[in-house]
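Take a look at the letters that make up each chain.
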Amino acid sequence: MTRDEWIDRLVSDLTPVAAPPRPWRDVGVWLVLAWASTLLLTVLMGPFRAGAAAEWLASSRFQLETVVVALASVVTGALVARAAIPARGSARSPLLAALLLLGAWALLLAWAHAVPPFPLDMTGKRAACVLEVLADAALPCALGLWWLRRRYAVLAPGLVGAALGLAAGAIPAIVMQLACVYEPTHALRFHLGPVVICGLLGAVLGRVVLARRRGPVGERRAR
Amino acid sequence: MASGAALAWPAATTGEDAPRGVTSTFASIEPADAPAHDAEWAALMARAQGGDRGAYRDLLECVAPVIAAYCRRVFPEPAQVEDCVQEALLVLHRVRNTYDPARPFRPWLFTLVRHSAIDMLRRQRRLREHEISDDGAAAETAAPSSLPDAPGASVIDELAVKYRDALRLTKLDGHSTREAARRLGISEVALRTRVHRGTALVRRRLDGEGA
């Protein structure tokens, strides 16, 4: 097929499209839905740890942990949306941001292991916190992938998928710090560990789901 | 034209390493009045997003030579250049909703073009790796059939049916990849694989005859 014929085909296939994606608005909606679904599922699965709120209010290091991980979900989510628009952002930056902030959380946990911010015990441990983190992250991750596939043009599906998985996993992980026990070794293995799994699954799903986008995005038929 | 190929987005704007041969900027191929073009192209694209086919045609006809100039720096064969241009136009078509008319057009366009070129280079590299590892393919020969009288035609005649048909349709009869794939009832990726493997087999056999 010659170039002119190809252009003819593309022109004949042209239909109006929806307005360009608005990453900040989309990320805001995604974050609200992700946090709401995580909190709801966590409450449905069992009560929060007794005294968690008092510990959080009393310990600035616990507060810092919460802020760092919450920031990981917000910053990574925003960078993912920007990276999913050609020429708007690098695809490495969301993954880098997620790894840095989650790495900072790991360091804070290591510090808490060496010098506990308050007396630690295993009271209030939830039976399957690992599975809860994974299950709670599934919905935000699926929602994000669907959104990216439908409205955006992801240039590096693996990297973006991994970052999205980490952002989605970070939310239930920090919620679990309040719902389950606060014990650094346990948190590293059973709260932060599943976040890494979320990232790996996100990379695989991203390559499968986001790389197969074929039709014009946001297309709507002319009336 | 690889319209059926999955859009495995490359590293163009992602920071991943690009295959060798892909330049990082378009400065050297852009005319001096590129900024003026940018405003014009942005306006055309905005109208195309609303469904204006005339504006869309104008846009594609304007950008195609610029894309071709870039692809010529990456690919040596004119056919590859044309494939790259058409692939880039297809990607532009598919993701046209992601262009924000309030922003410059050229960075958006060139990100897609660079992606298309890198994507093609990667596919070619994968196909070459397939050829190297496909040591059993030479054994897959079939009964000869009639073929046009062309250089290497007799060798093509001795190939397995699947390679022979792929080469005959694309190299001898001059059909496009899309058309040949449609005729054989296979995907374009599968057709390309067969063409590359078939070509490698022909080359190997011709080299053997020459030795």
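Residues numbered from 1 in each chain as written. Chains lettered and ligands numbered in written order. Predicted model: local features only at pLDDT ≥ 70, side-chain atom pairs only at ≥ 80, totals over all residues. Heavy atoms only, no water.

A few words on the overall build of chain A. Of regular secondary structure, chain A possesses 8 helices and 0 strands. Along the chain direction, N to C, the helices and strands of chain A fall in the order α-α-α-α-α-α-α-α. Along the three orthogonal principal directions, the C-alpha set of chain A runs to about 75 × 30 × 25 Å. Within chain A, buried positions represent 52% of all 223 residues. Partitioning the intrachain contacts of chain A with sequence separation of at least 6 by distance along the chain shows that 85% fall at a separation of at least 24. Summed over its atoms, the accessible surface of chain A is roughly 9,900 Å², and 70% of this surface lies on carbon and sulfur atoms. Mean positive and mean negative side-chain charge positions of chain A (22 and 12 charges, respectively) differ by 4 Å. (Helix = DSSP H or I, 4+ residues; strand = E, 2+ residues; numbered from the N terminus. Buried < 20%, exposed > 50% of the residue type's maximum accessible area, 1.4 Å probe, protein only. Contact = heavy atoms within 4.5 Å. Areas by Shrake-Rupley, 256 points an atom, 1.4 Å probe, with all protein chains shown as cover. Lys, Arg positive; Asp, Glu negative; His and termini not counted. Charge placed at Lys NZ, Arg CZ, Asp CG, Glu CD.)

With that settled, consider the overall build of chain B. Assigned secondary structure in chain B consists of 8 helices and 0 strands. Taken from the N to the C terminus, the helices and strands of chain B come in the order α-α-α-α-α-α-α-α. Counting only residues that meet the buried cut, chain B has 49% of its 211 residues in that class. Here chain B displays about 9,500 Å² of accessible surface, and carbon together with sulfur accounts for 51% of that area.

Residue and element names in this part refer to chain B. All told, the structure shown has 10 salt bridges over all chains when counted by the stated rule. Here Arg-106 and Asp-38 are joined by a salt bridge, their closest N and O atoms 3.4 Å apart. With Arg-106 in helix α4 (residues 105-133) and Asp-38 in helix α1 (residues 34-49), this residue pair connects regions lying 68 residues apart in the sequence. The pair formed by Arg-106 and Asp-38 is uniform in burial state, with each residue classed as buried. A salt bridge links Asp-119 to Arg-123; the shortest N-O distance between them is 3.2 Å. (Salt bridge = Lys/Arg side-chain N within 4 Å of Asp/Glu carboxyl O.)

Let's shift gears to the state of the cysteines. Residues and elements named next belong to chain B. Going through the model one piece at a time under the given rule, you end up with 1 disulfide over all chains. Linked covalently through their sulfurs, Cys-71 and Cys-84 form a disulfide whose S-S length is 2.5 Å. Every disulfide takes its handedness from the sign of the S-S torsion; for Cys-71 and Cys-84 that torsion is -60°, giving left-handed. Taken together, the positions of Cys-71 in helix α2 (residues 53-74) and Cys-84 in helix α3 (residues 78-94) put the pair 13 residues apart, joining distant regions of the chain. Across the pair, exposure class does not vary: Cys-71 and Cys-84 are buried alike. (Disulfide = S-S within 2.5 Å.)

Another aspect to go through is the nonpolar core. Judged by nonpolar contacts, the single largest core of 46 residues is most densely connected at Trp30(A), Leu102(A), Trp105(A), Leu148(A), Tyr152(A) and Val160(A). Where this core is concerned, the elements lending two or more residues are α2 (23-45), α4 (60-83), α5 (92-114), α6 (129-151), α7 (157-179) and α8 (184-209) of chain A. Here this core gets 12 residues from one element, more than from any other, and that element is α7(A). The residues touching Trp30(A), leaving out its near neighbours within four places in the chain, are Ser73(A), Pro140(A), Leu143(A), Gly144(A), Trp147(A), Leu164(A), Ala167(A) and Ala168(A). Counting residues in each nonpolar core, the second largest holds 43 residues, with Val91(B), Leu92(B), Phe105(B) and Leu109(B) among its members. (Core = buried A, V, L, I, M, F, W, Y, C linked by side-chain atoms within 4.5 Å.)

We now examine the packing of α6(A) against α8(A). All names here are of chain A. Interaxial distance between α6 and α8 falls to 9 Å at its minimum, and their mutual angle equals 30°. Comparing their axes, α8 and α6 come out roughly parallel. Crossing handedness for the pair α6 and α8: right-handed. Packed against α6, whose contacting residues are Cys-129, Val-130, Val-133, Leu-134, Ala-137, Leu-145 and Arg-149, the element α8 presents His-186, Phe-190, His-191, Pro-194, Ile-197, Cys-198, Leu-205, Gly-206 and Val-209 at the interface. Across the contact of α6 with α8, the residue classes break down as 12 nonpolar, 3 polar and 1 charged. (Axes fitted to C-alpha atoms, helices over the stretch in contact; angles between N-to-C directions. Parallel < 35°, antiparallel > 145°, perpendicular 65-115°, else oblique. Left-handed = near helix turned anticlockwise from the far one by under 90°. Nonpolar A, V, L, I, M, F, W, Y, C, P; charged D, E, K, R; others polar.)

The next point concerns the environment of Gln124(B). All names here are of chain B. Looking at the secondary structure, you find Gln-124 in helix α4. Given the relative accessible area of 15%, Gln-124 is considered buried. For the pair Gln-124 and Tyr-163, spaced 39 residues apart in sequence, the C-alpha separation works out to 17 Å. Those residues in contact with Gln-124 that sit more than four places away from it in its chain are Phe-75 and Gln-80.

Residues and elements named next belong to chain B. Taken residue by residue, helix α7 (residues 177-184) has Thr-177, Ala-180 and Ala-181 as its buried positions. In a view along the axis of α7, the buried residues occupy a sector of 100°, so they form one face of it. Remark: Gly-185 follows α7 within two positions and exhibits a positive phi of approximately 70°. (Arc of directions from axis to C-beta.)

Here we come to a nonpolar patch on the surface. A cluster of nonpolar side chains, Leu39(A), Val43(A) and Phe48(A), forms an exposed patch at the surface whose accessible area comes to about 250 Å². Within the secondary structure, Leu39(A) sits in helix α2. (Patch = residues over 30% accessible without salt bridge, like charges linked within 9 Å, V, L, I, M, F, W, Y side chains within 5 Å.)

Residues and elements named next belong to chain B. This prediction gives chain B a mean pLDDT of 74; 70% of its residues lie at or above 70. Note that residues 1-21 has pLDDT below 50 and, in this model, 90 contacts with residues that lie over four places away or in other chains. A low-confidence stretch, residues 138-150 stays under pLDDT 50, and its non-local contacts, those more than four residues away or across chains, total 31 contacts. Our summary of model confidence lists the complex with pTM equal to 0.71 and ipTM equal to 0.76. (pLDDT = per-residue confidence, 0-100.)

Here we come to the packing of helix α6 (residues 161-172) of chain B against α7(B). All names here are of chain B. Taken N-terminus to C-terminus, the directions of α6 and α7 make an angle of 140°; their axes are 9 Å apart at the nearest point. In terms of axis orientation, α6 runs oblique to α7. Between α6 and α7 the crossing geometry is right-handed. Counting all contacts with α6, which are made through Asp-165, Ala-166, Leu-169 and Thr-170, the residues of α7 involved are Ala-180, Arg-183 and Leu-184. The residue makeup of the contact of α6 with α7, split by class, is 4 nonpolar, 1 polar and 2 charged.

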